[in-house]
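# Residue-level structural notes
Spelled out, the chains give:
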Amino acid sequence: MSPLPSTSGSPFSEPTLTEGGALVVDGRKLIVRISVRRRRLGLTVERDRSLTLHAPKGCEVRRAEHFVRSSADWIDAKTRLSEERQQLHPTRSLKDGEIHRYLGRDHRILVVDDEAGGAPAPAVRLVAGRLRLDRTAAADPELARRALADWYVRAGQRWMKGRLQPWAARMDVPEPAVRVQELGHRWGSYRAGARDDGVISLHWAVFQLPIHLVDYVVAHELAHVRVAGHGPEYWRLLGRALPECRRLKTELDELGRRVWMGDLA
């Protein structure tokens with residue numbers, strides 16, 4: 001991780017923030033994300049209650065520190081809300097008969113013996129509406145967790161093929177690449193690329209949600225191709241493509257509390 005502060009230019013210039021660096025203000029540690037498109041500073045309290053500081057290129061450390069201090073009450077309120085929501089996320093034991101969702105539909109785990117012969121099969125497969133979990137993986141909860149998360153990654157990546165292009169066209173933004181992966185307690189993120197496209201990352205847990213909420217998460221991240229942060233301009237852009245975006249955000253906030261994020265019982 002890059003140290004902060006950094007300096008550039010003459011030895012008398014103000015130290016500036018660096019991408020990926022850690023800024024500590026009054027005991028709060030924030031990870032810095034730099035965007036050349038951003039003009040204002042912004043803050044995100046992640047679902048794991050870590051803090052991200054979004055800053056324009058060349059932002060001075062002193063300016064960032066003042067912004068964080070002036071946002072102390074907002075940070076405390078958002079952190080308390082995150083803690084309340086975190087407590088509601090369920091745990092799972094990954095045993096035979098346990099229900100897991102894919103695109104809003106329920107599927108029961110069926111623990112099965114590894115089929116002899118043929119090419120090795122993935123530890124989790126969806127067959128006839130059942131999530132068939134290999135007995136060897138089921139015997140180790142952490143191994144079973146990784147196997148099921150990997151299945152969501154594969155299934156989500158397949159489902160997203162062709163899903164992004166219509167939304168990108170509807171929002172009049174370049175189509176970014178898509179990666180389904182572990183993202184801690186974030187639904188998604190967008191990172192700008194060398195050109196205008198960049199990469200959208202989606203948490204594998206997103207694909208437990210109903211399709212209309214998966215689409216909302218996708219559109220939410222696509223809006224960041226044009227606008228950094230969540231100011232009025234951002235919501236205007238998202239609202240033009242998805243007029244019901246505010247309602248969907250509220251629905252995601254409520255239903256998202258009950259989504260399995262990988263925690264084991």
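Refer to the structure above for everything that follows.
Everything numeric in this text was worked out from a predicted model, so none of it was measured.

### A few points about the overall build of the protein chain
Tallying secondary structure elements over the protein chain gives 8 helices and 11 strands in all. Burial status across the protein chain gives 45% buried among its 265 residues. Sequence-distant contacts, at least 24 apart, represent 49% of the contacts inside the protein chain between residues at least 6 apart. About 14300 Å² of surface is accessible on the protein chain, with carbon and sulfur atoms providing 49% of the total.

### Some thoughts on the environment of Val173
Counting through the fold element by element, Val173 comes out in the loop between helix 5 (164–171) and strand 9 (177–181). Sequence-wise, Val173 and Arg226 are 53 residues apart; in three dimensions their C-alpha atoms are separated by 6.9 Å. Not counting the four nearest positions on each side in its chain, Val173 is found in contact with Ala168, Leu222, Val225 and Arg226.

### Remarks on the nonpolar core
Counting residues in each nonpolar core, the largest one holds 58 residues, and the members touching the most others are Trp187, Phe207, Leu209, Tyr216, Leu222 and Leu238. Here Leu209 is in contact with Leu103, Gly104, Trp187, Val214, Leu252, Leu255 and Val259, once residues within four sequence places are set aside. Grouped together as the second largest cluster of nonpolar side chains are 16 residues, Leu43, Val45, Leu53 and Ile75 included.

### Some words on the packing of helix 5 against helix 6 (residues 211–222)
One way to put it is that helix 5 packs onto helix 6 with a least axis distance of 10 Å and a crossing angle of 50°. Relative to helix 6, the element helix 5 lies oblique. Crossing hand, helix 5 versus helix 6: right-handed. Here Leu164, Trp167, Ala168 and Met171 of helix 5 lie close against helix 6, whose contacting residues are Asp215, Val218, Ala219 and Leu222. Residue composition of the contact of helix 5 with helix 6, by class: 7 nonpolar, no polar and 1 charged.

### Some points on the sheet that holds strand 10 (residues 188–191)
Note: strands within a sheet are paired through backbone hydrogen bonds, in either parallel or antiparallel orientation. If you trace the 3 strands from one edge of the open sheet to the other, you get 9-11-10, paired in mixed fashion. A single partner strand is all that each edge strand has here, and the edge strands are strand 9 and strand 10. The average undirected angle you get between the axes of adjacent strands in this sheet is 20°. As judged from the 4 bridges shared by strand 10 and strand 11 (residues 199–203), these two strands associate in the antiparallel manner. The residue of strand 11 that forms the bridge with Ser189 is Ser201. Contacting strand 10 and strand 11, helix 6 runs over the sheet at an angle of about 150° to strand 11.

### Side note on the pairing of strand 9
Burial along strand 9 is one-sided: the residues Val178 and Val180 are buried and none of Ala177, Arg179 and Gln181 is. Looking at chain direction, strand 9 and strand 11 are connected through 5 bridges and run parallel. Along strand 11, the bridge assignment pairs Gln181 with His203.

### Points about the sheet that holds strand 7 (residues 124–127)
Spatial ordering of the open sheet is given by 5-6-8-7, a layout of 4 strands whose pairing is mixed. Looking at which strands have only one partner, the edges of the open sheet turn out to be strand 5 (99–102) and strand 7. Averaged over neighbouring strand pairs, the angle between their axes works out to 35° when direction is ignored. The pairing of strand 5 with strand 6 (residues 105–112) spans 4 bridges and is antiparallel. Paired with Tyr102 across the strands is Arg105, a residue of strand 6.

The rules behind each value
Residues numbered from 1 in each chain as written. Predicted model: local features only at pLDDT ≥ 70, side-chain atom pairs only at ≥ 80, totals over all residues. Heavy atoms only, no water. Helix = DSSP H or I, 4+ residues; strand = E, 2+ residues; numbered from the N terminus. Buried < 20%, exposed > 50% of the residue type's maximum accessible area, 1.4 Å probe, protein only. Contact = heavy atoms within 4.5 Å. Areas by Shrake-Rupley, 256 points an atom, 1.4 Å probe, with all protein chains shown as cover. Core = buried A, V, L, I, M, F, W, Y, C linked by side-chain atoms within 4.5 Å. Axes fitted to C-alpha atoms, helices over the stretch in contact; angles between N-to-C directions. Parallel < 35°, antiparallel > 145°, perpendicular 65-115°, else oblique. Left-handed = near helix turned anticlockwise from the far one by under 90°. Nonpolar A, V, L, I, M, F, W, Y, C, P; charged D, E, K, R; others polar. Pairing = 2+ DSSP bridges.

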